[in-house]
Amino acid sequence: MISIVVLLYLYFGILAICLFFGAFNIYALFRFGASSVATTVTLLFFAAVAIILALTIVNIQQIDWTTHIDVIPTLSQTTL
Amino acid sequence: MSTTSLRSLPPLEKNERVVVVLRRHWLILALKLALWTIAAVVPIGVSILTTNAGLHIGGSEILKALITLGLSTYLLCILLFAFASFVDYYLDIWVVTTERIISIEQHGAFARTVAEQWLYRIQDVTAEQHGILPTFFDYGAVHIQSAGEQARFVFEQVPHPRSVARQVIDIAEQCKIHHHLLDTENSAPTKRAEAQE
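Residues numbered from 1 in each chain as written. Chains lettered and ligands numbered in written order. Predicted model: local features only at pLDDT ≥ 70, side-chain atom pairs only at ≥ 80, totals over all residues. Heavy atoms only, no water.

Counting its regular elements, chain B contains 5 helices and 7 strands. When its helices and strands are written in sequence order, chain B yields β-α-α-β-β-β-β-α-β-β-α-α. Relative to its full complement of 197 residues, chain B shows a buried share of 43%. Element-wise, carbon and sulfur atoms account for 60% of the exposed surface of chain B, whose accessible area totals about 10900 Å². (Helix = DSSP H or I, 4+ residues; strand = E, 2+ residues; numbered from the N terminus. Buried < 20%, exposed > 50% of the residue type's maximum accessible area, 1.4 Å probe, protein only. Areas by Shrake-Rupley, 256 points an atom, 1.4 Å probe, with all protein chains shown as cover.)

Our focus in this paragraph is the overall build of chain A. In terms of regular secondary structure, chain A is built from 3 helices and 0 strands. Reading the secondary structure of chain A in the N-to-C direction produces α-α-α. Per-residue burial for chain A yields a buried fraction of 31% across its 80 residues. Element-wise, carbon and sulfur atoms account for 77% of the exposed surface of chain A, whose accessible area totals about 5100 Å².

Another point: the interface of chain B and chain A. Contact residues are listed per partner, giving 28 residues for chain B and 40 residues for chain A. In this assembly, chain B packs against chain A so that about 3200 Å² is buried in total across both faces, 81% of it on carbon and sulfur atoms. Of all residues in chain B, B:I62, B:L69 and B:F83 give up the largest surface area on contact with chain A, accounting jointly for 20% of the area buried on that side. Our count for the contact surface shared by chain B and chain A stands at 0 salt bridges. There are 3 residue pairs in polar contact (both at pLDDT 80 or more) connecting chain B and chain A. Tallying contributions element by element places helix α2 (residues 61-91) of chain B first for the side of chain B that touches chain A, with 20 residues. Here the side of chain B that touches chain A is built from residues that sort into 17 nonpolar, 7 polar and 4 charged. (Contact = heavy atoms within 4.5 Å. Buried area = accessible area lost by both parts, 1.4 Å probe. Salt bridge = Lys/Arg side-chain N within 4 Å of Asp/Glu carboxyl O. Polar contact = N/O pair within 3.5 Å; in protein donor to acceptor, adjacent residues only side chain to side chain. Nonpolar A, V, L, I, M, F, W, Y, C, P; charged D, E, K, R; others polar.)

To continue, consider the pattern of salt bridges. Residue and element names in this part refer to chain B. Summed over the entire model, instances satisfying the criterion amount to 6 salt bridges over all chains. For E16, the salt bridge identified is with R100, shortest N-O distance 2.8 Å. Taken together, the residues E16 in the segment before β1 (18-22) and R100 in strand β3 (residues 100-107) connect sequence positions 84 residues apart. In this structure, E16 and R100 share a single accessibility class: buried. Residue D92 pairs with R24 through a salt bridge whose shortest N-O separation is 2.9 Å.

Residues and elements named next belong to chain B. Taken together, 4 strands build an open sheet; the order of strands is β1-β2-β3-β4 and the sheet is antiparallel. The outermost strands of the open sheet, each flanked by one partner alone, are β1 and β4 (111-118). The mean angle between the axes of side-by-side strands here comes to 15°, regardless of whether they run parallel or antiparallel. The sheet contact formed by β3 and β4 spans 8 bridges and is antiparallel. Counterpart to E105 in the pairing with β4 is T113. The sheet contacts of helix α4 (residues 161-178) involve β1, β2 (93-97) and β3, and relative to β1 the element is tilted by about 155°. (Pairing = 2+ DSSP bridges. Axes fitted to C-alpha atoms, helices over the stretch in contact; angles between N-to-C directions.)

The next point concerns the environment of A:L19. All names here are of chain A. Structurally, L19 can be placed in helix α1 (residues 4-33). What makes L19 exposed here is its relative accessible area of 55%. In sequence terms L19 and S35 are 16 residues apart; their C-alpha atoms lie 22 Å from each other.

Applying the stated criterion across every chain, the model contains 10 aromatic pairs over all chains. Summarising the aromatic geometry, the rings of A:F24 and A:Y27 are spaced 6.1 Å apart at their centres and angled 45° between planes, so their arrangement reads as tilted. Taken together, the residues span about one helical turn, with A:F24 and A:Y27 both in helix α1 at a distance of 3 residues. Residue classification places A:F24 among the partly exposed residues on the basis of a relative accessible area of 24%. With a centroid separation of 5.3 Å and an interplanar angle of 20°, the aromatic rings of B:W36 and B:F81 are classed as stacked. With B:W36 in helix α1 (residues 26-52) and B:F81 in helix α2, the pair connects residues that are 45 residues apart, well separated along the chain. Overall, B:W36 belongs to the partly exposed group, its relative accessible area being 27%. Classification of B:F81 by relative accessible area gives partly exposed; the value is 44%. (Phe/Tyr/Trp six-rings, centres within 6.5 Å; stacked < 30°, edge-to-face > 60°.)

All names here are of chain B. With antiparallel pairing, 3 strands are arranged side by side in an open sheet as β5-β6-β7. On the outer flanks of this sheet lie β5 (122-128) and β7 (153-159), each paired with one strand and no other. Here the strands of the sheet are splayed against their neighbours by 20° on average, with no regard to which way each runs. Strand direction decides the pairing type here: strand β6 (residues 139-146) and β7, joined by 5 bridges, are antiparallel. Note on β7: the bridge partner recorded for G140 is V158. Together, β5, β6 and β7 form the strand contacts of α4, whose direction differs from that of β5 by roughly 170°.

Structure, rendered in structure tokens:
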């Protein structure tokens, strides 16, 4: 059974990879082509990422975790 | 120099100045961004349609979490790819100076090629347009063949390729005259007319 904890681990793993590639792209953009256009596009990118993360947090908070609280210790034991 | 910082260019020589800065046609970026937008909108549209149709996808809480995190990851990846497409477009530049051609190409996130060619070595310049979109929007490739065994330079998907080719030929001719590689008598009619004036 897929657990919430495993899902969150996966999510944060993918998020970290996305952040790494995003950071490198921003570095390359400003290292080789800094301009007002580059700044505007980067700010738009940050804004879109913030919106997606905010919507994700809002949706996750709406989930009733209490019904699955018993899953977490079981998985923690499995992980350990 | 438009809105681009050209500090990533190789250092210019004394009396050398930038004449033309080229990027791919805006349509290339627009098409890529349109594809990413469609890819982002499809799952959102499917979820709205299934909700309206009365289908209950997120039955269990685990499934809801799976869908939320999956959709979030998917959208973040799409956003990242769209941003990478912009970076790739924005950092591909071809610069023509009074002395040389500089080609700067970004290949993905971790590869970058900077190549130079002296204008006095140029032998042949060809403009090429293939397809419906390049014809309608007037963009295409400009192939620049130089002396020697070096691979030819290609300005890919640049706007107005014929006028760019003409411009490169003119600048190369001026450069050759400047370097005494070409007699003014043998230069193009336009140049002779200018010289006579």
